[in-house]
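Spelled out from the first residue to the last, the chains are:
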Amino acid sequence: MRDIRPFLLVILLVLLAFGGASSAPIPDNGFRVLIAYESSSAEQQSGTAAVLHSSELMRFLNEECVKEEGRPAWRKWDVDNDVSAEPELWQNALERAVGDAGGVLPWLLVSNGKTGDSFAMPDDLEPLLTRLKKHL
Amino acid sequence: MSFESFIHPDEHVIGDHNYRTYADNDPVIDGQKMSRGLLERDYDERPLGSGCAAKFDLPTIPRDEWRERIEEMERTKSRLSDLCDVAGLQCKNQGNTNYCWINAPTYCMEVVRAVQNQELVLLSAASVGCRINEFRNQGGWGTWAIEYLSRYGIVPESIWPANSLRREHDTEQAWEKAKRYRMTEWWDLTPRSFDELMTCLFLRIPVAIGLTWWRHEVTAIDPVYKNGFAVRIRNSWGLSWGDKGYSILTEAKATPDDALAPRTAIAA
């Protein structure tokens, strides 16, 4: 009987290499958050807008996100934004968020390089902060 | 509902009862005479929604929801002014340039960038004014400015000082840098529509409003309720005017003769 152990080893290595990356929506070390939204959405409920534009959320992200050249690594982008001048990491993140959202906006990606989450923005700030803090 | 907005004691409240004081005088602030510079927009030359602008096309938020929404925005500190404060974005100071019509759209662009957590870069209104007016200190209206911001971008103040009309700043490198600071989408609001203005503010989109009565263009930033609906503006006369540049215009005085609402800028 043929020895299949080398093949199993290859599969294991592939899983280790790519399995971790797929669970981290933004594949780089450190706490990062992307919020994708549509600025021209007339259907935007007041509660959603209050969370989306919460200054407390902004403070939290400023404090907790890893710094990229001194700037906290979070973005809040309109899905129509031209982001072609941004690093590929963030361009890919927006593409993934838009894909995951399937039209449900605002949408968030949170990542610490190892784990992460991709979800629709809740209507209340507390549940959102709780969910983000899981990945600190 | 008994809610009324908090108005800071240093904020001017400008309404029908006192607007003449503001309309008739250019103030002297910190020893410097301030200018304005708005010309009335020629809608024959630049019709509503012409050029790269899109006509405002959303249903407006009904007035019976406004007061509750304003209360929520203040309670949750989710107004644009709250975000500007967290981002450390200060107001413009046009000094004695007649470039209010550039400063207001420029400030809108800085606000949009701050909301998106773009790098805090102050942008030089004079760089755009000099190009449009061939280095003359002349008035204009916001559409001219915003079209330029969209096509060519704007030079950072670190390269072209905010109010400098000197030609030495006008270099190829400066305009290469300016390409990173371009506006990409904005709405052209129906003239004299306070409801469209308020809807933009509820969506946290800043609006550059041209006010013929004042011959001045300023940035509308928050919806407000105080003995009626009103708007918090941020002026371009530096931090000593009002509360760090903020003041209040009642509905009658905030209703714009032309209004532009920038929504997206290049992320860079």
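See the structure above.
Treat the numbers as computed from the prediction; the structure is a model and nothing was measured.

Turning our eyes to something else, we now look at the nonpolar core. Residue and element names in this part refer to chain B. Grouped together as the largest cluster of nonpolar side chains are 39 residues, with contacts concentrated most on Leu-189, Leu-197, Val-207, Ile-209, Trp-214, Val-231 and Leu-249. Counting only elements with at least two residues in this core, the list comes to helix H1 (19–24), helix H2 (63–75), strand E5 (183–189), helix H8 (194–202), strand E6 (207–211), strand E7 (216–225), strand E8 (229–234) and strand E10 (258–265). A total of six residues in this core trace back to one element, the largest contributor, which is H8. When near neighbours in sequence (up to four residues on either side) are disregarded, Val-231 contacts Phe-194, Leu-197, Met-198, Leu-201, Ala-220, Ile-221, Asp-222, Val-224, Ser-247, Ile-248, Leu-249 and Ala-254.

To continue, consider the packing of aromatic side chains. All names here are of chain A. Using the criterion set out here, one finds 20 aromatic pairs over all chains in the structure. Ring geometry for Phe-31 and Phe-60: centres 6.3 Å apart, planes at 90 degrees, overall edge-to-face. Of this pair, Phe-31 sits in the loop between helix H1 (5–23) and strand E1 (32–37) while Phe-60 sits in helix H3 (residues 55–64); the two residues are 29 residues apart in sequence, bridging distant segments of the chain. Since its relative accessible area comes to 6%, Phe-31 is described here as buried. With a relative accessible area of 10%, Phe-60 lands in the buried category.

Taken together, the contact pairs 30 residues of chain A with 28 residues of chain B. At the junction of chain A with chain B, the criterion picks out two salt bridges. Residues Arg-263 of chain B and Asp-78 of chain A are paired through a salt bridge, measuring 3.8 Å at the closest nitrogen-oxygen approach. Where chain A meets chain B, there are seven residue pairs in polar contact (both at pLDDT 80 or more). No other element matches the five residues that strand E4 (residues 74–78) of chain A contributes to the side of chain A that touches chain B. A class-by-class count of the residues in the side of chain A that touches chain B yields ten nonpolar, eleven polar and nine charged.

All right, on to the packing of helix H4 (residues 100–115) of chain B against helix H6 (residues 142–151) of chain B then. A pair of packed helices is captured by two measures, namely the crossing angle of their axes and the spacing between those axes. Residue and element names in this part refer to chain B. Axis separation between H4 and H6 bottoms out at 8 Å; the angle between their running directions is 45 degrees. As far as their axial angle goes, H6 and H4 are oblique. Crossing of H4 against H6: the hand is right-handed. Contacts from Trp-101, Ile-102, Pro-105, Thr-106 and Met-109 of H4 reach H6 at Gly-142, Trp-144, Ala-145, Ile-146 and Leu-149. By residue class, the composition of the contact of H4 with H6 is eight nonpolar, two polar and no charged.

How each quantity is defined
Residues numbered from 1 in each chain as written. Chains lettered and ligands numbered in written order. Predicted model: local features only at pLDDT ≥ 70, side-chain atom pairs only at ≥ 80, totals over all residues. Heavy atoms only, no water. Core = buried A, V, L, I, M, F, W, Y, C linked by side-chain atoms within 4.5 Å. Buried < 20%, exposed > 50% of the residue type's maximum accessible area, 1.4 Å probe, protein only. Helix = DSSP H or I, 4+ residues; strand = E, 2+ residues; numbered from the N terminus. Contact = heavy atoms within 4.5 Å. Phe/Tyr/Trp six-rings, centres within 6.5 Å; stacked < 30°, edge-to-face > 60°. Salt bridge = Lys/Arg side-chain N within 4 Å of Asp/Glu carboxyl O. Polar contact = N/O pair within 3.5 Å; in protein donor to acceptor, adjacent residues only side chain to side chain. Nonpolar A, V, L, I, M, F, W, Y, C, P; charged D, E, K, R; others polar. Axes fitted to C-alpha atoms, helices over the stretch in contact; angles between N-to-C directions. Parallel < 35°, antiparallel > 145°, perpendicular 65-115°, else oblique. Left-handed = near helix turned anticlockwise from the far one by under 90°.

That is the geometry; function is a separate question.
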